[in-house]
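Residue-level listing of the chains:
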Amino acid sequence: MKTWKLTEIPELKVLGRNNGEMDPLTLFWHGSGVEFAVRAKEVWMEFYTEYESFEHWISIWVDGALISRHILPKGSSLVPIFLNADPGVIRQVRVLKEVQPMTEDSVNLFQICGVQTDGSFEK
């Protein structure tokens, strides 16, 4: 398994508003996220979140199908995107933030820090 910075992933698409930085990528709005193509047996993503009242949710899409939704705990977390897949198949992965910023929450931070995989990213 290798950890990739988002800047190292070819053809990475950033979806939605962000702060312009990629290491880490800070996202603000519901529907913001990343999309990439990967040929791998497994993929994990690293996140960092801070909040006081409203937890952050993500949705994970593989090849156009919603495969899971997760609540991210405060701090750093490593979330499996998919496991035990056919490493010969290129998969299209999209991970989206599913919570809008809440003005009532004085602490609100959602970041994607990197991607871990045993495979390769494709165009």
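Fair warning: this is a prediction, and the values are worked out from it, not measured in the lab. (Residues numbered from 1 in each chain as written. Predicted model: local features only at pLDDT ≥ 70, side-chain atom pairs only at ≥ 80, totals over all residues. Heavy atoms only, no water.)

For the structure on display, the rule yields 6 salt bridges. Among the ionic pairs, Lys 5 bridges to Asp 23, the shortest N-O distance being 3.7 Å. With a gap of 18 residues between them, Lys 5 in the loop between strand S1 (2-4) and strand S2 (13-15) and Asp 23 in the loop between S2 and strand S3 (25-26) connect regions that are remote in the sequence. Lys 5 gets classed as partly exposed once you look at its relative accessible area, which sits at 41%. One network of salt bridges, in which partners are shared, links Lys 13, Glu 35 and Arg 94. (Salt bridge = Lys/Arg side-chain N within 4 Å of Asp/Glu carboxyl O. Helix = DSSP H or I, 4+ residues; strand = E, 2+ residues; numbered from the N terminus. Buried < 20%, exposed > 50% of the residue type's maximum accessible area, 1.4 Å probe, protein only.)

To continue, consider unusual backbone geometry. Of the consecutive residues Asp 23 and Pro 24, the connecting peptide bond is found in the cis state with omega at 0°. Relative to the helices and strands, Pro 24 is located in the loop between S2 and S3. One non-glycine residue, Asp 63, adopts positive backbone phi at about 55°. Considering the arrangement of structural elements, one finds Asp 63 in the loop between strand S6 (56-62) and strand S7 (65-72). The class for Asp 63 is partly exposed, based on a relative accessible area of 42%.

Let's shift gears to the side chain of Ser 32. By the element assignment, Ser 32 lies in the loop between S3 and strand S4 (33-39). We classify Ser 32 as buried; its relative accessible area is 1%. At a separation of 2.9 Å, a polar atom in the side chain of Ser 32 contacts the main-chain carbonyl oxygen of Trp 29. (Polar contact = N/O pair within 3.5 Å; in protein donor to acceptor, adjacent residues only side chain to side chain.)

Moving on to the nonpolar core. Core analysis: the biggest nonpolar cluster contains 27 residues, and Phe 36, Met 45, Phe 47 and Ile 81 have the highest contact counts within it. Broken down by secondary-structure element, the contributors of at least two residues to this core are S4, strand S5 (43-51), S6, strand S8 (75-82), strand S9 (90-97) and strand S10 (108-117). (Core = buried A, V, L, I, M, F, W, Y, C linked by side-chain atoms within 4.5 Å.)

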